[in-house]
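What follows is the residue order along each chain.
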Amino acid sequence: MRRLISATWLMCALVGCGFLFSCSSPTSTTVTTFPVPASVSLSPSPNVSLEVGKFAALTAAAHNSTGASVTETFTFQSSNPSVVTVANNGIACAGVWDSLTTPVVCTPGSTGTAQVTAVANGVTSPPVTVYVHQHVTRVVIQPVPGQPATLSPTCLTRDANHSGPESMLFEAVAYAGTSGTNDITPSVGQFTWSSTTAAGQTSTSSSVSLSSPGPNAPLNQEVATAAMPGISSIFASVGGVTSQPLQFTTCLVQSIALAFAPGSSLALTTGSNTATVNATVTDSIGMDVTGIPLTWTSSYPHAVTATGTAASSVFGGVGTVTGSIAGQASVTVSCTPPLCNGGVSPSMPIYPTSALPFQVTSSSAPPTPAVFVTTTGCAATTLSCTTRVIPLGESSTGHFTVGAPVNLPVTPNSFVTGKTSGTSYLGVDSTAAGFSNQGLMIFSGSSVSQAGPVFGRVLAISPDSKTVILSDTIDSPSRVNICVNCASLHTIVPIFLSNATAAAFSPDGLKAYIVSGSSCPGTASTGCLLVYSQLDAPQFIQLSAVPTDAAFIGNGSAGYIAESSQTTFLPTCGPSISGSLGNVSLAAQYLRPLPDGMSLVALTPPVVQTMTANITGPQNVPQNASGCLAPRGVLNLTNTPGPSSNLGTGPFVPRQFFLSRDGSVAYILAQTTGGGSFPFIIAFNVQTGASSQISLSGGAVPLSAGISPGGDQLLVGADDGQVHVIETATGLDTQQVQLTFANNTSLCIGPGNPATQVAVASLDVSAAQQVGTSTVYTYSVSNGTTPQVGQSLVLTGMTDTNNNGTFTITAVNPTSSSAGTITVVNPAGVTASGQAGSGTVPLTCNPDLVVVAP
């Protein structure tokens, strides 16, 4: 017995050691036991569609009782292995795998369905139904027959008699075979439905909402529900084949009406009250719709802010209007694509028939203006010259002081500030930039950056300060450059139109009208209107006269084009074609919108005249298939010119034409038709028709001006190198801010540390001849360009001290040469020869670009 036992024990030991490979080996085997999961899932779920011979990955996951993922080893089971087999890695084959451990070839099987599950530690997932079908050749979608009719055969309304949005049930049909006529819909299983959104739309502004009809509905059906007004396309796909798009239209917005909520009015006081404005929005079939993403705008957002919300179950939108500083501004609202009426081509914005002119009063002192001054002076020299922006701020004593200069990388040709931010833009000629890419400059008040190689003069900035229109007349071919998202990740859009002179944006920023005295590309027209849109392709409209300016009325419905003897208008909502133009019996060379939102002031020197637009409809106006009115782009609009006033100055050419913040006074800086500058500013009272002239101290000539946010001060750059502060109430020049090289506030500096004064030319003077009260110097240019009449000559090193000094040049002979004679006013001069004088013609950098932050 003991041997048997011993033998038995020995046998067991030997067998045990055999299993462990060696009884004395230090290697051990670790067996990992995973916990039993609370649940197992398999995705995608609950259905998968596969063409025979194709394969797809199934993903299994295990979870504990709290829902957290746990690690498990899975096995997969198919209820119909002749239709579907699943490899150990979870890849399902519509047929049979060559190997479950290392699957490579999926051999097609038969069509049909199979239930696939994943198992971990005895826990089984809910089944996934795999549909195996023939090769799909096409998919077609269509409305399910027999549904109740919608209110309109062309669109579904967002709000059907206040009972909610309309819906329609669609079905998809899958076809197989070379002719694509074999209906295999029952065998393909679940279709995938999707929709497109217009560029710029979000998921919350889409025109259609797709949803499943329910858990027991056929797998080829989907419900499409009206969402935001606009046009979308819906698709269905299965087996890697997608249907042709089917257009789905949520009835477009047709009209907007504004009304005050109880207790609100056009009169606001800063810091104490707001106004609530309700927007009633009606769609193309006459239904009032709610919760629409409208765009609220203010003509002067720093005085009057307008914000809106679409979270209303009663109105299309609700706006809140607040007064920030004393002033006047018009508030309007629009259905602006792509957020509203998206997907329509060409785009179809809708505006109310009028705007709301708010008047804000304040007991506080007017806000302190932020003033920025620079110059184009460096363009007049070939020598090294750095342009600077000089900020001016008002001290506690009411006097303006000079801030820290900001050096610019290149000389600007224009300086324009936006409405809604602290961002300004400085245009640049390509000749000023040389061979560099130093183009349009973006100025934030204390720093400057560049938008790359985009050149031209700034014509207009969009209301949100993000898009800039420039006219490049230097490069060939001449062009308009549009800088989109200019302050950040900018995109440059060049449009080849020659000699553009003016531009204006619609209040919502959707469109801009750009005018040129040259013909439209490929035509022989007298003038051209370029319509730029944030959504549509640029359009050119031939004009029969030379246009000189453009402006939109504040409510946004139409833009106006000044053509000297007449004014034309183009509705914003319509297509950009000549047939949409309307005429106004208003002579205009320059146009500015007034803050009532419906009027313009026109200048045809020396005559000023106002015009007011009146829009009726579009209620009860039939709509065609693609338009906001019938015919599309035609407004029920009449324009009534107001009385005209003669400024009494005779003909002139405006250098600058702008309005006070409340629109009550127009200011004009001008020059004669012969090129001489007016030594005064013209002030025109828009309400009374009276005009006056504001002169600067010392007889200085105004070059550029801006108005303070409160409208109480004009900041005027002049030819004496100073910025003059004018009190608008009295017209008095109360302060002159000097910008000189001596006190380091010059607008331009030369190289060196400390900086040097910039010169136009350096001269060697060899002789002097006294002729009456003038001295004629013989000179040669050692650096720079030929001096010009009117410039200064600073001369040193002459033997006779009476020949040294600073003089005004009265004659240059020859006028363009590197050597010759210069005549200056110098009664004390002495004739002398054999001289070794050194002359400098300093560059004059006057403040000819002034902006005041809004």
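Caption draft 1: Focus on the environment of Asn 485. Among the structural elements, Asn 485 can be located in the loop between β42 (479-484) and β43 (491-495). With a relative accessible area of 36%, Asn 485 lands in the partly exposed category. Each C-alpha atom of the pair Asn 485 and Thr 467 lies 5.6 Å from the other, and the pair is 18 residues apart in sequence. Setting aside its immediate chain neighbours within four residues, Asn 485 contacts Lys 466, Thr 467 and His 490.

Caption draft 2: Molecular detail of the packing of aromatic side chains. Following the criterion strictly, the structure yields 10 aromatic pairs and no others. When the centroid spacing of 6.3 Å and the interplanar angle of 35° are considered together, the rings of Tyr 777 and Phe 807 count as tilted. Of the two residues, Tyr 777 sits in strand β66 (residues 774-784) while Phe 807 sits in strand β68 (residues 805-813), which places them 30 residues apart along the sequence. Judged by relative accessible area, which is 1%, Tyr 777 ranks as buried. On the accessibility criterion, Phe 807 (9% relative accessible area) is buried. Looking at Arg 138, its charged tip hangs above the ring of Tyr 175, at a distance of 4.2 Å from the centre.

Caption draft 3: Structural view of the sheet that holds strand β56 (residues 653-659). An order of β56-β57-β58-β59 is seen for the 4 strands of this open sheet, with the pairing classed as antiparallel. Two strands in the sheet have a free side with no partner beyond their single neighbour: β56 and β59 (691-695). The sheet shows a mean angle of 25° between the axes of neighbouring strands, taken without regard to direction. The pairing of strand β58 (residues 680-685) with β59 spans 5 bridges and is antiparallel. Across the sheet, the residue bridging to Phe 680 is Ser 695, located in β59.

Caption draft 4: The arrangement of the pattern of salt bridges in detail. A full pass over the atoms with the stated rule returns 1 salt bridge. A salt bridge links Arg 592 to Asp 549; the shortest N-O distance between them is 2.7 Å. Remark: Asp 549 occurs in strand β48 (residues 549-552) and Arg 592 occurs in strand β52 (residues 590-593); sequence separation between them is 43 residues. The class of Arg 592 is partly exposed, set by a relative accessible area of 22%.

Caption draft 5: How the structure looks around the environment of Ser 780. Structurally, the position occupied by Ser 780 is in strand β66. With 14 residues separating them in the primary sequence, Ser 780 and Ser 766 have C-alpha atoms 8.4 Å apart.

Caption draft 6: Local environment of the confidence of the model for the protein. Here the protein averages 90 in pLDDT, while 93% of its residues score no lower than 70. Contacts of residues 1-30 to residues separated by more than four positions or lying in other chains number 6 contacts, the stretch itself having pLDDT below 50. Contacts from residues 619-634, a stretch scored under 50 in pLDDT, to residues over four places away or in other chains number 40 contacts.

About the cut-offs
- Residues numbered from 1 in each chain as written.
- Predicted model: local features only at pLDDT ≥ 70, side-chain atom pairs only at ≥ 80, totals over all residues.
- Heavy atoms only, no water.
- Helix = DSSP H or I, 4+ residues; strand = E, 2+ residues; numbered from the N terminus.
- Buried < 20%, exposed > 50% of the residue type's maximum accessible area, 1.4 Å probe, protein only.
- Contact = heavy atoms within 4.5 Å.
- Phe/Tyr/Trp six-rings, centres within 6.5 Å; stacked < 30°, edge-to-face > 60°.
- Lys NZ or Arg CZ within 6 Å of the ring centre and 35° of its normal.
- Pairing = 2+ DSSP bridges.
- Axes fitted to C-alpha atoms, helices over the stretch in contact; angles between N-to-C directions.
- Salt bridge = Lys/Arg side-chain N within 4 Å of Asp/Glu carboxyl O.
- pLDDT = per-residue confidence, 0-100.

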